[in-house]
Amino acid sequence: MQVLQVQLAVQADPAEVGRARRWVRSRLLNHGVEPDAPMAETVVLVVSELVTNAVVHTGCPAVLRLCLPMSDDAAQPGPVGPLRVEVADASRTAPAPRHAGADEDATNGRGLELVELLCERWGWYPDGSGKRVWCEIGADARPADPMAGADWAALAQ
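Remember, it's a predicted structure, so these values are computed and weren't measured experimentally. (Residues numbered from 1 in each chain as written. Predicted model: local features only at pLDDT ≥ 70, side-chain atom pairs only at ≥ 80, totals over all residues. Heavy atoms only, no water.)

Chemist: I'm lost on the overall build of the chain in this one. Help?
Modeler: For the chain, the count of helices and strands is 4 helices and 5 strands. Moving toward the C terminus, one meets the helices and strands of the chain in the order β-α-α-β-β-α-β-β-α. In the chain, which comprises 157 residues, the proportion classed as buried is 40%. Taking the contacts inside the chain whose residues are at least 6 apart along the sequence as the reference set, 64% of them involve residues at least 24 apart. When the accessible surface of the chain is split by element, carbon and sulfur atoms take 51% of a total near 8,800 Å². (Helix = DSSP H or I, 4+ residues; strand = E, 2+ residues; numbered from the N terminus. Buried < 20%, exposed > 50% of the residue type's maximum accessible area, 1.4 Å probe, protein only. Contact = heavy atoms within 4.5 Å. Areas by Shrake-Rupley, 256 points an atom, 1.4 Å probe, with all protein chains shown as cover.)

Here it is in structure tokens:
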């Protein structure tokens, strides 16, 4: 097995988040992951959250890195183990999950909760003069269904 590492420099501009999502979709497709596969959707969402956190909360450029474990067997395309996403930024401030609370109209405060929900593992560590936030997403990842636990009978009343 080999691990393919690719990275993208991201400027301190919220518009860069869209570019990061497109870049990730392209890298995944180039390595055998269909853009509408559940794993791809999960990776794109997690990248979106982590890159947004980096550029919005630090106001500094960041570096996005994907680490894809690939099979040496050409008959088995795509990642063969957990895909690792890393975002390095210039802030040493620890990422802290915030809770948006009951305000369903809140537009922020759920990013790291999503990362925690969708990833097998996640964490961070100091890196140079900043930090690196990382997470691992399994090849069998399935997007979270926010309505999976809904009590439909109660909602219908």
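There is more to say after this.
Chemist: Where do I start with the sheet that holds strand E2 (residues 62-70) in this structure?
Modeler: Sheet strands associate in pairs through backbone hydrogen bonding, adopting either a parallel or an antiparallel arrangement. In spatial order, the strands read E1-E2-E3-E5-E4; together these 5 strands make up an open sheet with antiparallel pairing. Looking at the sheet topology across the chains shown, the edges are occupied by strand E1 (2-10) and strand E4 (121-127). Geometrically, the sheet is characterised by an average inter-axis angle of 15° between neighbouring strands, direction not taken into account. Pairing between E4 and strand E5 (residues 130-137): 7 bridges, direction antiparallel. Bridge assignment links Arg-121 to a residue of E5, and that residue is Glu-136. On the sheet, helix H2 (residues 38-58) packs against E1, E2, strand E3 (83-89) and E5 and is oriented at approximately 10° with respect to E3. (Pairing = 2+ DSSP bridges. Axes fitted to C-alpha atoms, helices over the stretch in contact; angles between N-to-C directions.)

Chemist: I'm lost on the side chain of Glu-49 in this one. Help?
Modeler: Looking at the secondary structure, you find Glu-49 in helix H2. Although Glu-49 is buried, it makes no salt bridge; Arg-21 carries the closest opposite charge, 7.5 Å away. (Lys, Arg positive; Asp, Glu negative; His and termini not counted. Salt bridge = Lys/Arg side-chain N within 4 Å of Asp/Glu carboxyl O.)

Chemist: What is the right way to read the nonpolar core from this model?
Modeler: Where a protein is soluble and globular, its nonpolar side chains tend to be buried together. In this structure, Val-24, Val-43, Leu-50, Val-51, Leu-64 and Val-85 are the most contacted members of the largest nonpolar core, which totals 34 residues. At 10 residues, H2 tops the list of elements feeding residues into this core. Look past the residues within four positions of Leu-50 in its chain and what remains in contact with it is Val-85, Val-87, Leu-112, Val-115, Val-133 and Cys-135. (Core = buried A, V, L, I, M, F, W, Y, C linked by side-chain atoms within 4.5 Å.)

Chemist: Would you mind showing me how to read the side chain of Glu-86 here?
Modeler: Looking at the secondary structure, you find Glu-86 in strand E3. Only 2.7 Å separates the side chain of Glu-86 from the side chain of Arg-84, close enough to count as a polar contact. One polar contact links Glu-86 to Arg-132, side chain to side chain, over a distance of 3.1 Å. Setting aside residues up to four positions removed in sequence, Glu-86 forms contacts with Val-63, Leu-64, Arg-65, Tyr-125, Arg-132, Val-133 and Trp-134. (Polar contact = N/O pair within 3.5 Å; in protein donor to acceptor, adjacent residues only side chain to side chain.)

Chemist: Can you help me understand the packing of helix H1 (residues 16-30) against H2 in this one?
Modeler: When two helices pack together, their arrangement is given by the angle between the helix axes and the distance between those axes. Following both chains from N to C, one finds H1 and H2 inclined at 150°, their axes separated by 9 Å at the closest point. Note on packing geometry: the crossing formed by H1 with H2 is right-handed. Here Val-17, Ala-20, Arg-21, Val-24, Arg-25 and Leu-28 of H1 come into contact with H2, specifically with Ala-40, Val-43, Val-44, Val-47, Ser-48, Val-51, Thr-52 and Val-55. (Left-handed = near helix turned anticlockwise from the far one by under 90°.)

Chemist: What is the right way to look at H2 in this model?
Modeler: Each α-helix winds once per 3.6 residues, and so residues spaced three or four apart point in a common direction. With 21 residues, H2 extends 30 Å from end C-alpha to end C-alpha; this agrees with the ideal 30 Å at 1.5 Å per step. Gly-59 sits one or two positions beyond H2 and adopts a positive phi of about 70°. (Expected span 1.5 Å × (residues − 1).)

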